[in-house]
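# Inside the fold
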Amino acid sequence: MNRFALCALLLSALLLFSLVKLEQKIRPVARTMAEYECRERAVRWMQAAVGDCLRRSPELLEDLYILRYDETGLVQSAETDTAKLARLQYTLEGDLTQAMEEGAADFSIPLGTLLGLQLFSGRGPDITVKVIPLSHVESQVETGFTAAGVNQTKLQTDLVFSVQMCAVLAGMQVETTAQSTICVAQVLIVGQTPEFYVEGSG
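The sections below set out a description of the structure shown in this document. (Residues numbered from 1 in each chain as written. Predicted model: local features only at pLDDT ≥ 70, side-chain atom pairs only at ≥ 80, totals over all residues. Heavy atoms only, no water.)

### Observations regarding unusual backbone geometry
Note: most residues except glycine have negative phi, and most peptide bonds are trans. Under the convention used in this document: Helix numbering and strand numbering both begin at the N terminus, where a helix is a DSSP run of H or I of at least 4 residues and a strand a DSSP run of E of at least 2. Here's how the labels work: a residue is buried when its accessible area is under 20% of the maximum for its type, exposed when over 50%, partly exposed in between, all with a 1.4 Å probe on protein chains only.
Positive phi, normally seen in glycine, also occurs at aspartate 63, with a value near 55°. With respect to the secondary-structure elements, aspartate 63 resides in the loop between helix 1 (3-56) and strand 1 (65-69). The exposure class assigned to aspartate 63 is exposed, which follows from its relative accessible area of 54%.

Written as structure tokens, this is what we have:
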């Protein structure tokens, strides 16, 4: 083997070693950034879809609570109309799933940002990240009382939406869960907290 071939072989080995070390440095940063961007974009898509749905169908939010009063006019009990709440959940989950499937789009991360060096942040060729929803959007109901002032209590119902997401970049797949909490109903109760709350009616 002549000297030129030996130098070429050594340079190739050095280049390969450098690429491996570079990939080892970039991979954890890329994974973290992909997870973050994936969750952030999914949350924005879900919140926008919820807003669009409720603007089109504001009646979905009507009369989600049934309040019963005593002879003095104070709230004695509160309960959720589960039929109306279930319809709201079903509608929003369907709209959100469709919005996620139609609105998912690729985004790019500059290579310099992945290097973690401030000098090269935002510079260099872009690495494309493909965002893919892995599941239908699901939701859970969270309801509770919180103090809202002197002799006042707020009863609030939230829907916590979640979806499994996958970010694909440079031969690597990163799976994460995106969640968004949306307040769908609240009522301010003046006086003592109701003696009981029933999550279910209708």
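After presenting the structure, the write-up continues.
### Looking at the nonpolar core
Which entries qualify depends on this criterion: Throughout this description, the term nonpolar core refers to a set of buried Ala, Val, Leu, Ile, Met, Phe, Trp, Tyr and Cys residues connected via side-chain atoms within 4.5 Å.
If you look at the biggest cluster of nonpolar residues, it comprises 39 residues, and the most contacted ones within it are Met46, Leu88, Leu92, Met100, Phe161 and Met165. If you list the elements that add at least two residues to this core, you get helix 1, strand 2 (75-80), helix 2 (82-103), strand 4 (126-133), strand 6 (152-169) and strand 7 (172-190). No other element matches helix 1, which puts 11 residues into this core.

### With respect to the pattern of salt bridges
This is how the line gets drawn: Salt bridges are counted wherever a side-chain nitrogen of Lys or Arg sits within 4 Å of a carboxyl oxygen of Asp or Glu.
On inspection of all chains with the given rule, the structure shows four salt bridges. The partner of arginine 55 in a salt bridge is aspartate 52, and the shortest N-O contact between them spans 2.5 Å. Taken as a pair, arginine 55 and aspartate 52 lie in helix 1 at a separation of three residues, close to a single helical turn.

### Description of the side chain of glutamine 89
Spelled out, the test is: Any two residues having at least one pair of non-hydrogen atoms within 4.5 Å are treated as being in contact.
Mapped onto the secondary structure, glutamine 89 falls in helix 2. For glutamine 89, a relative accessible area of 17% corresponds to the buried category. Apart from residues no more than four positions distant in its own chain, glutamine 89 is found in contact with Ser139, Gln140, Val141 and Leu159.

### A few points about the pairing of strand 6
How we decide: At least two DSSP bridges between two strands are needed for those strands to be called paired.
Of all 18 residues making up strand 6, 14 are buried, and the element is well covered by its neighbours. Here strand 6 pairs with strand 7 via 18 bridges, running antiparallel. Considered in strand 7, the bridge of serine 162 is made with glutamine 179.

### Concerning the environment of serine 180
Along the chain, serine 180 falls in strand 7. As a C-alpha pair, serine 180 and phenylalanine 161 span 19 residues in sequence and 5.2 Å in three-dimensional space. Excluding anything up to four places from it in sequence, serine 180 contacts Val43, Met46, Gln47, Leu159, Val160 and Phe161.

### Details of the environment of threonine 157
Checked against the element boundaries, threonine 157 lands in strand 6. Each C-alpha atom of the pair threonine 157 and phenylalanine 145 lies 9.2 Å from the other, and the pair is 12 residues apart in sequence. Non-local contacts of threonine 157, meaning those with residues more than four positions away in its chain, are made with Tyr65, Val141, Glu142, Thr143, Ile182, Cys183, Val184 and Ala185.

### A look at the side chain of threonine 176
Operational definition: Contacts described as polar in this section are N or O atom pairs within 3.5 Å, which, within protein, must combine one atom able to donate a hydrogen with one able to accept it, while residues neighboring in sequence count only if both atoms come from side chains.
Summarising the element assignment, threonine 176 is placed in strand 7. Among the polar contacts listed, one links the side chain of threonine 176 to the side chain of arginine 39, at a separation of 3.1 Å. Leave out the neighbours within four places in its chain, and threonine 176 touches Glu35, Cys38, Arg39, Val163, Gln164 and Met165.

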